[in-house]
Amino acid sequence: MRTNLDRRHFLGLAGLGAGAAALAACGGPSTAGTADAVDTATIDFSGVKPAASIDFWTNHPGKSQDVEKAIIEKFQAKFPDIKVNLVTAGANYEEIAQKFQTSQAAKTGLPGLVVLSDVWWFRYFSNGSIIPIDPLVKQLDIKIDDFQKSLVDDYKYDDKQWALPYGRSTPLFYYNKDHFKAAGLPDRAPATWQEFAQWAPKLKATSGAQYAYIYPALAGYAGWTLQNNLWGWGGAWSKGWDITCDSKESVAALQWAQDSIYKDGWAGVSSKEAADDFAAGITSSTISSTGSLLGVLKAAKFNVGVGFLPGGPEVPSSVCPTGGAGLGIPSGITKEEQLAAATFLKFMTEPENTAAFSAATGYMPTRLSADMSSVLAATPQIKTAMDQLAATKVQDNARVFLPGADQEMAKSAAKILTQQGDVQATMTELKKTLEGIYTKDVKPKLKS
């Protein structure tokens, strides 16, 4: 399944990264067009006056409602002529996506600014539901060069900027320092999964925990975090637009994961939220979003360690996907509302507010000039996530650009990890499903 599309046009959206409060089981809106295509040639904001009021739709990623309210209050003090209404538009990204599509179809009740995640971004773009913000970036002098390049580039397509990064994260390896010490293990994350497999029996024998490791809940996390395992074994959900989930490397990675549960007996699968299971002492380690970090540190009754994601037998490092949400502006509102929304977007992503958001949630700062000294003094573990940025990798096309693919990956992972299904057969069937989504919903919309 090859196209002439240059992969560089898709600079790789970043992963789910919502924190415990913002995870979504992914299905959601179709890619059938619900809005007129955006005519970028007509986007001109010269002479436009900002609207007096806009709605900001959010699911408060990382339990961020209080800090969002505080930033809005600061904005109102600086821009009293633009009222920003904070709207809880859903409990997770999927609910926001459903609400946003419904409003687009009805052409009424649209927000000025909306939280969008990696697995929804492409369908928003392909539906013509959001505008490129380049004219607004220029008019409002938004300092794009001061954003973390890998994070802001996630929202570029066809040489246009379609959103700005907001609640951004990577997965982290969380471990119970007390359990590791009792087992005589080093105070660090394992370098590879093979090393952890050597450690796991010691943890199981000495910790008193039910598991040495617990896989994240499949409905919200499987497509995102299992990329780490697939990449470490030299596999992937896809390479470019070629679906490779059934390759021998991908199958080997998932067979190893299944064996860790049923054959070796030291791993389990979280039923709801792995970070909560970890904080409760049910498992000695897990992988979870940086957006879960502050909640874990608050809830855990033990010393918490964090580290980079482990590598695999074929690829020992740089096997961590980025993740998280951005902020976009709908196409179906007036230019006055779009300008007001962009004014708030600029303020929301200023370095000072980025640092405040990071301090309150554990998400990574999106601005290079953000002063993180006080944040890191209070929560030094955040620096691990910041350092891991240099070792991140663009997510697989199949996960972030195929609508509903994340849900299909979760179903397949459940067959393998909770039902002990045949790995090769399950991945062969998943490949067929993903190729069908690509052919029907994505390929017709790609530029050749």
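Counting restarts for each chain: residues are numbered from 1 in the order of the written sequence. In view of the model being predicted, local features appear only for residues whose pLDDT reaches at least 70, and side-chain atom pairs are presented and counted only at 80 or more, with totals across whole chains, interfaces and linings using the full set of residues. Just so you know, side-chain values use all the structure's heavy atoms and leave hydrogens and water out.

## Some points on the sheet that holds strand E3 (residues 113-117)
Here five strands make up an open sheet; going across it, the order is E2-E1-E3-E15-E6 and the pairing mixed. Pairing within the sheet leaves two strands with one partner each, and these edge strands are strand E2 (83-88) and strand E6 (164-169). Looking at each pair of strands side by side, their axes are set apart by 25 degrees on average, direction ignored. At least two bridges found by DSSP between two strands is the condition for calling them paired. For helices the rule is a DSSP run of H or I covering at least 4 residues; for strands it is a run of E covering at least 2, with both sets numbered from the N terminus onward. As paired elements, E3 and strand E15 (residues 323-328) share four bridges and run antiparallel to each other. Among the inter-strand pairings, Val114 is bridged to a residue of E15, identified as Gly328. Note on contacts: a residue pair is in contact if any heavy atoms of the two residues lie within 4.5 Å. Axis angles are defined between N-to-C directions and span 0 to 180 degrees, where every axis is a line fitted to C-alpha atoms and, for a helix, only to the segment in contact. Packed onto the sheet, helix H3 (residues 118-126) meets E3 and E15 and runs at close to 120 degrees relative to E3.

## So, the packing of aromatic side chains
Two rings belonging to Phe, Tyr or Trp (six-membered ring only in the last case) form a pair when the distance between their centres is within 6.5 Å. Interplanar angles under 30 degrees mark stacking, angles over 60 mark edge-to-face geometry, and anything in between is tilted. Counted by the stated rule, this structure contains 29 aromatic pairs. Centre to centre, the rings of Phe56 and Tyr166 are 6.4 Å apart; their planes meet at 80 degrees, and the pair counts as edge-to-face. Here Phe56, found in strand E1 (residues 53-58), pairs with Tyr166, found in strand E6; they are 110 residues apart in sequence, far enough to count as distant. For the ring pair Phe100 and Tyr124, a centre distance of 5.0 Å and an interplane angle of 85 degrees mean the geometry is edge-to-face. Taken together, the positions of Phe100 in helix H2 (residues 93-106) and Tyr124 in helix H3 put the pair 24 residues apart, joining distant regions of the chain.

## Some words on the pairing of E15
For every residue, the accessible area (1.4 Å probe, protein chains only) is compared with the maximum for its type, and the residue is labelled buried under 20%, exposed over 50%, or partly exposed between those bounds. Most of E15 sits out of view: six of its six residues are buried. Relative to E15, E6 is paired through four bridges, and the arrangement is antiparallel. Counted as the bridge partner of Ser169 is Gly323 from E15.

## Here's the deal with the packing of helix H8 (residues 218-232) against helix H9 (residues 248-262)
Relative orientation of the contacting elements H8 and H9 amounts to 115 degrees, with a least axis distance of 8 Å. By the criterion of interaxial angle, the relationship of H8 to H9 is roughly perpendicular. When you trace H8 past H9, the crossing you get is right-handed. The residues of H9 that touch H8, namely those facing Leu226, Asn229 and Leu230, are Ser250, Ala253, Leu254 and Trp256. Any angle that is under 35 degrees is reported as roughly parallel, and any over 145 degrees as roughly antiparallel; angles of 65 to 115 degrees are reported as roughly perpendicular and all others as oblique. Crossing chirality is assigned from the near helix's rotation relative to the far helix, an anticlockwise turn below a right angle marking it left-handed and a clockwise turn marking it right-handed.

## Focus on the nonpolar core
Nonpolar core, defined: a set of buried Ala, Val, Leu, Ile, Met, Phe, Trp, Tyr and Cys residues in which side-chain atoms within 4.5 Å join the residues together. Membership of the largest hydrophobic core comes to 112 residues, with the highest contact counts inside it found for Phe56, Trp121, Phe173, Phe196, Ile329, Leu402 and Leu434. Of all the elements, helix H12 (residues 335-348) adds the most residues to this core, at eight residues. When residues no more than four places from it in sequence are discounted, the contact partners of Phe56 are Glu68, Ile72, Val84, Asn85, Leu86, Val87, Leu113, Val115, Tyr166, Leu327, Phe344 and Met348.

## Brief notes about the pairing of E3
Remark: a regular strand shows side chains that alternate across the two faces of the sheet. In terms of burial, E3 is largely enclosed, as five of its five residues are buried. The alternating pattern of E3 places Leu113, Val115 and Ser117 on one face and Val114 and Leu116 on the opposite face, and all of these are buried. Both E1 and E3 contribute to a ladder of two bridges, which runs parallel. Residue Phe56 lies in a different strand from E3, and its bridge partner there is Leu113.

## Focus: H2
For H2, spanning 14 residues, the distance from its first C-alpha to its last is 20 Å, which sits close to the expected 20 Å at 1.5 Å a residue. Buried within H2 are the following residues: Tyr93, Ile96, Ala97, Phe100, Gln101, Ser103 and Gln104. One face of H2 carries all of its buried residues, which in axial projection span an arc of 165 degrees. Seen from the open side of H2, the exposed residues pointing more than 90 degrees away from its buried face are Thr102 and Ala105. Under this definition, polar contacts are N or O atom pairs within 3.5 Å; protein pairs additionally need one hydrogen-donor-capable and one acceptor-capable atom, and for neighbouring residues in sequence, both atoms have to be side-chain atoms. The residue sitting at the N-terminus of H2 and contributing the capping side-chain oxygen is Asn92; that oxygen lies 3.1 Å from the backbone nitrogen of Glu94. In the stretch just after H2, Lys107 is the one whose phi turns positive, near 55 degrees. Here, expected helix span is obtained from the residue count minus one, scaled by 1.5 Å. Arc definition: directions from the helix axis to the C-beta atoms.

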